[in-house]
Amino acid sequence: MRKLGLLAVAMVAAGTATGFAGAAHAQQRDTLALGLGLEPPHLDPTAGAAAAIDEVTYRNVFEGLTRIDEKGSVQPGLAESWEVSPDGLTYTFRLRDGVTFHDGTTFDSADVKFAYDRARGPDSVNAQKGYFAAIDTIETPDPRTVVVRLSRPDGLFLFNMGSGDASIVAPESAAGNGQNPVGTGPFRFGRWVPGDRVVLTANPDYREPGLPHLREVTFRFIADPAAQLNAVRSGDLDAFPIFGATESVALLEGDPQFQVVAGTTEGETILAFNHSRPPFDDVRVRRAIAHAIDRQEVVDGAMFGYGTPIGSHFAPHREGYVDLTGTYPPDLDAAKALLREAGVPDGFKTTIKLPPPPYARRSGEIIAAQLARVGIEAELIPVEWAQWLEQVFRGGNDFDMTIVAHVEPLDLDIYNRPDYYFNYHGDRYAEVMAELERTVDPAARNELYGQAQRILAEDAASGFLFQLPKVGVRRAGIEGMWDNAPVPANDMTEVRWTE
Amino acid sequence: MLSFLARRLVAAAATLAAATVVVFVVLEVMPGDPALLMLGTEARPDTLAALREQMGLDRPAPVRYLAWVSGLLTGDLGRSMTYGVPVAELVADRLAITVPLAGLAILASTALALPLGLYAASRRGRPGDFGVMAFSQLGVAVPNFWLGILLVLVFSIGLGWLPAGGFPGWQAGIGPALAALVLPAVSLALTEAAILARVARSAVLETLGEDYVRTARAKGLSNRAVLWGHVLRNALIPIVTLVGLQFAFLMAGTVVIENVFYLPGLGRLLFQAITQRDLIVVKDVTILLAAMVVLVSFAVDLLYAVIDPRPKAGS
Amino acid sequence: MRHLSLGVGLLLTGLLVAAALVSFFWTPHPADAIGIARRLRPPSAEHWLGTDQLGRDVLSMIMVGARNSIAVGAVAVGLGMAVGVPLGLLAAARRGWIDEGLSRFADLVFAFPAILSAFLVTALLGPGAINAILAIGVFNVAVFARVARGAAIQVWGRPFVRAALALGRGPVSVTLVHVLPNVSAVLIVQATVAFAVAILAEAALSYLGLGIQPPAPSWGKMLHEAQTFMPMRPTLAIFPGAAIALAVLGLNLLGDGLRDALDPRLRPSRGAG
């Protein structure tokens, strides 16, 4: 089961200082200017959780042994092939030949060993050090072979080694990657104007002939939705893969100059309860809240119609999904009756902590109004990510409710973690999770996923709201960009202009 | 006079020293762990500890305070915890927007306010004076960020003459860069002009009442000569004082306007640094802004002491 | 002109207070009633000033917003006066190290541009109405302390105070009987001005997302939201700003009118920044 990297997409829309510059790239067809909502703090994907780092560098600058494609499946990366021993403990990777780092040094098995040892070592500042926890030894019998032995089977090892956190970095340049990233990818780091942009230029020595198509890619950081719209409309930007100004998409949709793409993410957006605090330990109260929430109104009001309502903690585009949105339909009378049963006929006062992204702040406003209809008075407390991490996620779970998108794929196991921030526990759920661990057959797994979804829905373990959409806008004539976001990335390798 | 200046200098230094303590303590107790923010929800305790050590957060508070202050004194502002680049570089980049913006605003405000103030003073009690005073009342009442929004509505969305926001960078050329600063500068200028026009008017009126002005008039000098030769020169003291203070306050005060127009200036850097818990940047920028206010106030005192050697009671 | 200031000031301030008071009993629509189906409507007979992006009635929100603005202003000014005036009077009565300490404190407060201290306070305590009040209030403590001290020192130099002292009255009694009544005019004038400054400051903080938090309506917050929806519904950006400007204009005019009426020689200091 994957672990949760809550911040990945969730942080995309948080506020930070940016501006936008106006070099017009539209006429030159081998350059592209791309907008991002958040600026990365630095450019080393092996030393930070910020999604923005991967959104700039993933596959463009840095590569791993494997890579994740748009559909979320594992593809060969710097390893052209691999073998897994029958016991699932030994991975033998065959590396590509003739790969060099951007500074001219050669890539070989020693770099892989260095990168993985660095990520799992005592001084590691890798945000996903857990990915490497199962590694026992790394051997390099020859420059093109890496043998990784695990101490226990890890079904997600190949997927995890395709994440930005497992990028292969060279001992010569690793320390400076934050400011001057040196990888093996199709683009080299050009320059960084803090607060404004990062420019990548094509790597002429890239191993695949003819790639990349683009000569230069500029990433511009624009947090404000209104400014994002301006930049796209004025032609300052050619694309905004995760467009924050959802409310203005209608203005672009009718315009033949633009394509509007509504893709999927792995982000289940939920109203999370603190189960260790009354009255949220009472299933009747949680069900009452579920009845009080009108998801369609939330999607229409907060997301301007984008985003699919969900009835449990599972992405609708995945196999094994069960539509449970009808479990507790909007019904104020039923909600009030449940509150009466629970002994709080007049409702109660509570709080909702809201992290910065607009999806959270806007949903919060609508949900507070919906809860007020059944007498629940929810005070909205906006928090920055730093506070959210400290107050809600760690340290004492100081919250009643919070709204956040959980963006890791297939993260049903978070409801089974004993120390997880919402403190949910269900015996039957634990059994299903245990069984899931033991099950390999895809059909049987999907059946178990269905059971798990039903338990969560019936138990109203969270207020399930909607699947976070990835609404992107781009100019007509751009080809090869990802519509969906299985991992945070803007893989520009095969992107080109068609006209 | 020297002892007065020495006392003011000591007071200014003491204020700054106290300011460093206040800022440090505030940031010390501010909730939010920069390392946790950087590494996110899956961070393990040992990785967090490693990063805190890398960021220098593991040292005791007094040590960090002394290291910071001694760095300030030697001109070393340290490195940004999020960007990893020297803070001085970051600040210089942002000042390249904020200083011209504040400068343009002051220029526009002075160009508008001085003639208005003089005109009002020369028409004391008549409709012209009334009109200027009414403008001044309105100018003070209109919040600058609302004015900015209205200007965008008219000149960007309506007429399409000027950009609605953003900054193309000075490398894009003087024209586009200045065009991006016009609306923000005008938004800032109105309030300042309203205050300045009022001060200019009363400064001129006060000077007009002084003996030497009456003497000059009695000597037969023309109204215009009196106004430009004597009155304005003396009335300039309070005006220059105010303009200096306005500039110092605008350095921080531009933040709201920088938000309206999405300009990556100093205020937004501070805003962003607070959000990202980039404590070093927050500390440095705060102290720089405070130092500027203190220095300008000191310069004003100096100016007064030079022009008018009588010590000021109660400053 | 003097009477005009006072008249217009009273009228606008009265309107502000009336809107706030009426909002307790009646608003055209509930200010927090969202309705996605009726969002972003232009002004109409049903919604005089239109509706916002969540379908709330703008006029109702502005009325309730007036209440919030007044509350923030009143508490911030009240706090400033309650702490600042006694400090200033004490400093004027005792001079010496107390006076020196107060001056240094004021220097320190004024060294941070007001918006900067507001940032720090809200970063420290989190955004919210109470913290915004605190941020503005701390600044006001320094303003009122300085104004009260300056005015009181002048009074202490006046002959009747010296006479009272010669008659054996103590400093406390002199302060209460002679000084306070003679500085009250300047304090009242300063209070109206500080009230206006507080309303502006609250609007700016709320505009930045640091002040009053939703769902409670705030003029500054409304302007911030309006900016995103401006291409679709420009009126959203106009009415809340006009409300701020009229409220501040009213209070400033009232302050000027009162100053002229109470004592034509007085000039309030507008406070730094």
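Residues numbered from 1 in each chain as written. Chains lettered and ligands numbered in written order. Predicted model: local features only at pLDDT ≥ 70, side-chain atom pairs only at ≥ 80, totals over all residues.

## A look at the overall build of chain C
Working step 1: What chain C contains, in helices and strands, is nine helices and zero strands.
Working step 2: Starting at the N terminus, the α and β elements of chain C follow one another as α-α-α-α-α-α-α-α-α.
Working step 3: Projected onto the principal axes, the alpha-carbon positions of chain C cover approximately 75 × 45 × 30 Å.
Working step 4: Within chain C, buried positions represent 58% of all 273 residues.
Working step 5: The contacts of chain C with a sequence gap of at least 6 include a subset with a gap of at least 24, amounting to 72%. (Helix = DSSP H or I, 4+ residues; strand = E, 2+ residues; numbered from the N terminus. Buried ≥ 20, exposed ≤ 12 C-beta atoms within 10 Å, placed from the backbone. Contact = placed C-beta atoms within 7 Å.)

## Thoughts on the overall build of chain A
Working step 1: On a plain count of helices and strands, chain A comes out with 13 helices and 19 strands.
Working step 2: In terms of overall dimensions, chain A is globule-like: its C-alpha atoms have a radius of gyration of 23 Å, near the 23 Å expected for 499 residues.
Working step 3: Reported as C-alpha extents along the three principal axes, the dimensions of chain A are approximately 70 × 55 × 40 Å.
Working step 4: Of all 499 residues assigned to chain A, the portion counted as buried reaches 55%.
Working step 5: Across chain A, every contact between residues at least 6 apart in sequence was considered, and the portion connecting residues at least 24 apart equals 72%. (Rg over C-alpha atoms; globule rule 2.2 N^0.38 Å.)

## What to know about the domain arrangement of chain A
Working step 1: Its domain assignment divides chain A into domain 1 (1-60 + 185-257 + 476-499) and domain 2 (265-470).
Working step 2: Distance between the C-alpha centres of domain 1 of chain A and domain 2 of chain A: 31 Å. (Domains from an automatic or database assignment.)

## Remarks on the interface of chain A and chain B
Working step 1: Contact with chain A, which involves 42 residues of that partner, is made by 40 residues of chain B.
Working step 2: Elements with a minimum of two residues in the side of chain A that touches chain B: helix H5 (225-233) and helix H11 (385-393) of chain A.
Working step 3: In terms of residue class, the side of chain A that touches chain B is made up of 18 nonpolar, 17 polar and seven charged. (Nonpolar A, V, L, I, M, F, W, Y, C, P; charged D, E, K, R; others polar.)

## Brief notes about the environment of alanine 67 of chain B
Working step 1: Counting through the fold element by element, alanine 67 of chain B comes out in helix H4 (residues 61-73).
Working step 2: For the pair alanine 67 of chain B and alanine 273 of chain B, spaced 206 residues apart in sequence, the C-alpha separation works out to 20 Å.

## Observations concerning the nonpolar core
Working step 1: Judged by nonpolar contacts, the single largest core of 311 residues is most densely connected at Leu270 of chain B together with Ala198, Ala204 and Val248 of chain C.
Working step 2: In terms of residue count, helix H7 (residues 171-207) of chain C provides more of this core than any other element does, 19 residues in total.
Working step 3: Those residues in contact with leucine 270 of chain B that lie beyond four places of it in its chain are Val255, Val282 and Val285 of chain B together with Phe119 of chain C.
Working step 4: Membership of the second largest hydrophobic core comes to 23 residues, among which are Leu65, Phe93, Phe101 and Val112 of chain A. (Core = buried A, V, L, I, M, F, W, Y, C linked by C-beta atoms within 7 Å.)

## Comments concerning the interface of chain C and chain A
Working step 1: Each side of the interface is counted separately: chain C has 14 residues, and chain A has 16 residues.
Working step 2: Its residues assigned to classes, the side of chain C that touches chain A comprises eight nonpolar, five polar and one charged.

## Concerning helix H9 (residues 332-341) of chain A
Since the α-helix advances by 3.6 residues per turn, residues separated by three or four positions end up pointing in the same direction.
Residues and elements named next belong to chain A.
Working step 1: Every buried residue of H9 is accounted for by Ala335, Leu338 and Leu339. The arc enclosing the buried residues of H9, seen along the axis, measures out at 100 degrees, which places them on a common side.
Working step 2: Buried residues along H9 sit in contact with helix H7 (283-292).
Working step 3: Following H9 by one or two positions, glycine 343 has its phi on the positive side, about 85 degrees. (Arc of directions from axis to C-beta.)

## Let's talk about the sheet that holds strand E5 (residues 90-95) of chain A
By definition, the strands of a sheet pair up through backbone hydrogen bonds, in either a parallel or an antiparallel sense.
Residue and element names in this part refer to chain A.
Working step 1: Overall, antiparallel pairing links the four strands, which are arranged E4-E5-E7-E6 in an open sheet. The open sheet has two edge strands, strand E4 (79-84) and strand E6 (135-142), and neither has a second partner. The mean inter-strand angle of the sheet, taken between neighbouring strand axes irrespective of direction, is 20 degrees.
Working step 2: Across five bridges, E5 lies against strand E7 (residues 145-150) in antiparallel orientation. For arginine 94, the partnering residue across the bridge sits in E7 and is threonine 145.
Working step 3: Running at roughly 165 degrees to E6, helix H3 (residues 109-120) makes contact with E5, E6 and E7 of the sheet. (Pairing = 2+ DSSP bridges. Axes fitted to C-alpha atoms, helices over the stretch in contact; angles between N-to-C directions.)

## Quick look at helix H4 (residues 114-125) of chain C
Residue and element names in this part refer to chain C.
Working step 1: Compared with an ideal rise of 1.5 Å per residue, which puts twelve residues at 16 Å, H4 spans 16 Å between its outermost C-alpha atoms and is within 8% of the ideal.
Working step 2: The buried fraction of H4 is high, at ten of twelve residues.
Working step 3: Buried residues of H4: Ala114, Ile115, Leu116, Ser117, Ala118, Phe119, Leu120, Val121, Thr122 and Ala123, and no others.
Working step 4: Positive backbone phi, approximately 90 degrees, marks glycine 126, located one or two places after H4. (Expected span 1.5 Å × (residues − 1).)

## So, the environment of serine 81 of chain A
Residue and element names in this part refer to chain A.
Working step 1: For serine 81, the location among the structural elements is in strand E4.
Working step 2: You can call serine 81 exposed: it has 10 C-beta atoms within 10 Å.
Working step 3: Put simply, serine 81 and serine 163 are 82 residues apart on the chain and 17 Å apart in space, counted from C-alpha to C-alpha.
Working step 4: Once residues lying within four places of it in the same chain are set aside, the contact partners of serine 81 are Pro76 and Arg94.

## Focus on the packing of helix H2 (residues 58-94) of chain C against helix H5 (residues 129-156) of chain C
Residues and elements named next belong to chain C.
Working step 1: Direction vectors running N to C along H2 and H5 enclose 35 degrees, while the axes themselves pass 6 Å from each other. As H2 runs across H5, the sense of the crossing is right-handed.
Working step 2: For the contact of H2 with H5, the per-class residue count stands at 26 nonpolar, five polar and two charged. (Left-handed = near helix turned anticlockwise from the far one by under 90°.)

## As for the pairing of strand E12 (residues 258-273) of chain A
All names here are of chain A.
Working step 1: Pairing of E12 with strand E17 (residues 462-475), which is carried by twelve bridges, proceeds in the antiparallel orientation. Within E17, the residue paired with valine 261 across the bridge is glycine 472.
Working step 2: Taken together, the six bridges between E12 and strand E16 (residues 401-406) define a ladder with antiparallel strand orientation. Bridge pairing in E16 places leucine 271 opposite isoleucine 403.

## Thoughts on the confidence of the model for chain C
All names here are of chain C.
Working step 1: Of all residues in chain C, 95% have pLDDT values of 70 or greater, and the mean over the chain is 86.
Working step 2: Mean pLDDT across the secondary structure elements of chain C bottoms out at H4, with 79, and peaks at H2, with 92.
Working step 3: Considering only residues more than four positions removed or in separate chains, one finds that residues 266-273, a stretch of pLDDT under 50, has 21 contacts.
Working step 4: The ipTM, which scores confidence in the relative placement of chains, is 0.86 for this predicted complex, and the corresponding pTM is 0.81. (pLDDT = per-residue confidence, 0-100.)

## A closer look at unusual backbone geometry
Working step 1: Residue leucine 211 of chain A is joined to proline 212 of chain A through a cis peptide bond whose omega torsion reads -5 degrees.
Working step 2: One can find proline 212 of chain A in the loop between strand E9 (197-202) and strand E10 (216-221).
Working step 3: Between proline 278 of chain A and proline 279 of chain A the backbone carries a cis peptide bond, its omega angle lying at 0 degrees.
Working step 4: Relative to the helices and strands, proline 279 of chain A is located in the loop between E12 and H7.
Working step 5: A positive phi angle is found at phenylalanine 304 of chain A, which is not glycine, with a value near 55 degrees.
Working step 6: For phenylalanine 304 of chain A, the location among the structural elements is in the loop between helix H8 (295-303) and strand E13 (308-309).
Working step 7: In this structure, tyrosine 262 of chain B is a non-glycine residue whose phi angle is positive, near 50 degrees.
Working step 8: Within the element layout of this structure, tyrosine 262 of chain B appears in the loop between helix H10 (223-260) and helix H11 (266-275).
Working step 9: We classify tyrosine 262 of chain B as buried; it has 27 C-beta atoms within 10 Å.

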